Amino acid sequence: MTEQKTLETMISTLINRRSEGVHWDFKRCHQKQKEDFIHDVLCLANANHRGNRYLIFGVDNEDFSLHSIIADTGRRTQADIAGLFRDNADKFFQSRFPEFYLEEIMIEDALLDVLVIVDAPNKPYYLVKRIDNILPHHIYTRVCDTNTPIKDTAQPHEIERMWRERFGLDIPPLKRAKLYLSESDEWSKDIKMEGNLNVHHKTFPEFTLRVTDAEDFIARHEEWTRGEIHEDNNHAGYFEIYYHQTCLARVRYVSFDDHKKSMVAPDWRPRGEGRFYFYSADSINYAMQKFNSVLVKEDHSTSLSIRHGGKTGKRARSRWGHKLKIPVLRPGELEGFLGTSSDDEVEPSSDETEQYELFLRNQLDFEVWRESL
C-alpha cells in the first residue's frame, strides 16, 4: 500500500469515528485568520500523542459531512503554510516551529487537504513574540478533542511532560544520546580527530563522546570508500558514545586524505553481485554521521567523490556531478527496494573494479526506484 493510500485509509477511519481526538482536528474549510490556523497547529503539535497529528480540511466538525475544498477561497498551499511560519520564525522560541507537510486526498469524491504535523521531540512549541491574539510565552496543547483557549495556557503537568520529552528524560539512554546528537551546539567543542577526543554534552555531561583508533583488521577499504584520494592511507576508528561509564554504542567511521575528511560507515545489504549502501534515518549511525559532518570535522563530510572510469561511473557523474550522497532510508524503503531484485544466492564479485561499478549501479538503481514511487 502506498503512503498516499495509507493516509486516505487512516483519515477515512478517523472520519468514520464521528468525533475529533487528541491528534486529529476537522475543519470544514481553511481558517481565514492566520492566528486561528497557527493556534490549531501549535495545539496539535504539543499534544500528548506518539505519532503524527492531522489537521483535516473538508470535514464538518459537527456532523462530520464531507465538503470538497476545491472551491475554498481561503485554501492554503504547502508554500503558503511554509511561508507563514518561515516569515514568523523569529517569533517562535529558538525560531523553531513544528514540522509539517500538506497532502491532498480523495474520499467519496470529495477532495480534502490534510496537514500532517510531524511528531518531533522539540516540544513545547510556543511564541516569544505575539502574533495577533496568540500570546507570547503561553504554551498551548490539546487534551482529548479540545484545544487550550488562545488566551489561556496548558496545565503545569502538561508543560512538564513537554519539557521532559524535549530533554529525553523519559526515554532510555541510547535514545537520549541519539536525540542529543542532533543538538551539535550543545556539545563542548575542544575536538581533534587524532588522538583522544573526549566531548561532553553541556547540559547533560554524563553523556560523552570519544574517538578511538580501530584495530588494523577493521574494514577501511570497502567499495564505498574507493572514490576518495589516497585510498591506501584511509584510517578507521570508532565513535564511542558513553552514558556515565557505560558505552552505549560504537560507531565505525573511515577518514580520508590524512584525516581531512571522515564519514560514518554506512550499513549495507547484498544486491546481485554487489552491495547497496545506506543509512537508516532513525539509526544511531545516521545521527552520528550528521553530528560528525557538522561538529567534528566542520567540513560537511556528507558526500563521496566518484572515481573516474567505467560506464557506470560516467552515468553516476552525469547524474550527480562528482559527489555521491549515501541515501538515508525511511522505514520500509529498504525492503521495498531490495524486493525489486530477483537475484538469489548470487556469488559476490571479488574484483575491486567491478565491485565499485556494482556499488555505483546499486546506488543509481535505488535513486531511480525512489523517484518512481
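Since the structure is predicted, the reported quantities are computational estimates derived from the model, not experimental observations. (Residues numbered from 1 in each chain as written. Predicted model: local features only at pLDDT ≥ 70, side-chain atom pairs only at ≥ 80, totals over all residues. Heavy atoms only, no water.)

### Here we look at the overall build of the protein chain
For the protein chain, the helix and strand inventory stands at nine helices and 16 strands. Within the protein chain, the fraction of its 373 residues that count as buried is 49%. Across the protein chain, the fraction of contacts at a sequence separation of at least 24, relative to all contacts at a separation of at least 6, is 63%. Entry remark: accessible area of the protein chain is about 18800 Å², with carbon and sulfur atoms responsible for 49%. Distance between charge centroids for the protein chain: 3 Å, based on 51 positive and 63 negative side chains. (Helix = DSSP H or I, 4+ residues; strand = E, 2+ residues; numbered from the N terminus. Buried < 20%, exposed > 50% of the residue type's maximum accessible area, 1.4 Å probe, protein only. Contact = heavy atoms within 4.5 Å. Areas by Shrake-Rupley, 256 points an atom, 1.4 Å probe, with all protein chains shown as cover. Lys, Arg positive; Asp, Glu negative; His and termini not counted. Charge placed at Lys NZ, Arg CZ, Asp CG, Glu CD.)

### Details of the packing of helix α2 (residues 34–45) against helix α3 (residues 78–87)
The N-to-C vectors of α2 and α3 enclose an angle of 85°; their axes lie 12 Å apart at closest approach. Taken together, the axes of α2 and α3 are roughly perpendicular relative to one another. Between α2 and α3, the contacting residues are K34, F37, I38 and V41 on the first element and I81, L84 and F85 on the second. Looking at the contact of α2 with α3 residue by residue, the class counts come to six nonpolar, no polar and one charged. (Axes fitted to C-alpha atoms, helices over the stretch in contact; angles between N-to-C directions. Parallel < 35°, antiparallel > 145°, perpendicular 65-115°, else oblique. Nonpolar A, V, L, I, M, F, W, Y, C, P; charged D, E, K, R; others polar.)

### So, the sheet that holds strand β12 (residues 267–271)
Judged by pairing direction, the sheet is mixed, and its three strands sit side by side in the order β12-β13-β16 without closing on themselves. Here the strands that pair on one side only, and so sit at the sheet edges, are β12 and β16 (328–329). Bridge analysis of strand β13 (residues 274–280) against β16 gives two bridges, and the strand direction is parallel. The residue of β16 that forms the bridge with S280 is L329. Sheet contacts for helix α9 (residues 352–371): β12, β13 and β16; angle to β13, the most-contacted strand, approximately 55°. (Pairing = 2+ DSSP bridges.)

### A short note on the environment of I70
If you trace the backbone, I70 turns up in the loop between β2 (53–57) and α3. On a C-alpha basis, the gap between I70 and P348 in space is 54 Å, while along the polypeptide they are 278 residues apart.

### Describing the layout of surface pockets
Each pocket or cavity is described by its volume, and for the largest pocket that value is around 1600 Å³. If you go around the largest pocket, you meet 43 residues; those closest to its centre are V118, D119, A120, P121 and D282. Sorting the residues of the lining of the largest pocket by element identifies α1 (3–16), β2, β3 (100–107), α4 (156–166), α5 (173–181) and α6 (284–296) as the ones contributing at least two each. Sort the elements by how many residues they give to the lining of the largest pocket and α1 lands first, with five residues. Per-class residue counts for the lining of the largest pocket are 18 nonpolar, nine polar and 16 charged. In this model, the second largest pocket occupies a volume close to 250 Å³. (1 Å grid on protein atoms, 1.4 Å probe; cavity = no way out; pocket = protein on both sides within 12 Å on 5 of 7 lines; lining within 4 Å. Points joined across faces, edges and corners; volume = space filled by probe spheres on them.)

### Section: the sheet that holds β2
Spatially, β1-β2-β4-β3 is the arrangement adopted by the four strands of the open sheet, whose pairing is mixed. In this open sheet, the two strands that pair with only one neighbour each are β1 (24–27) and β3. Pairwise comparison of adjacent strand axes, ignoring direction, gives a mean angle of 20° for this sheet. Here β3 pairs with strand β4 (residues 110–117) via eight bridges, running antiparallel. Bridge pairing in β4 places E104 opposite D113. Contacts between α2 and the sheet are confined to β1, β2 and β4, with β2 contributing the most and set at about 150° to the helix.

### So, the pairing of strand β9 (residues 235–243)
Counting buried positions over the nine residues of β9 gives seven, a clear majority of the element. Relative to β9, strand β8 (residues 207–213) runs antiparallel, the two sharing seven bridges. Its bridge partner being in β9, R210 is matched across the sheet by E240. Strand direction decides the pairing type here: β9 and strand β10 (residues 246–256), joined by nine bridges, are antiparallel. Within β10, the residue paired with Y242 across the bridge is C247. With antiparallel pairing between neighbouring strands as the criterion, β9 and β10 make up a hairpin whose turn holds two residues, including H244 at a positive phi of roughly 55°.

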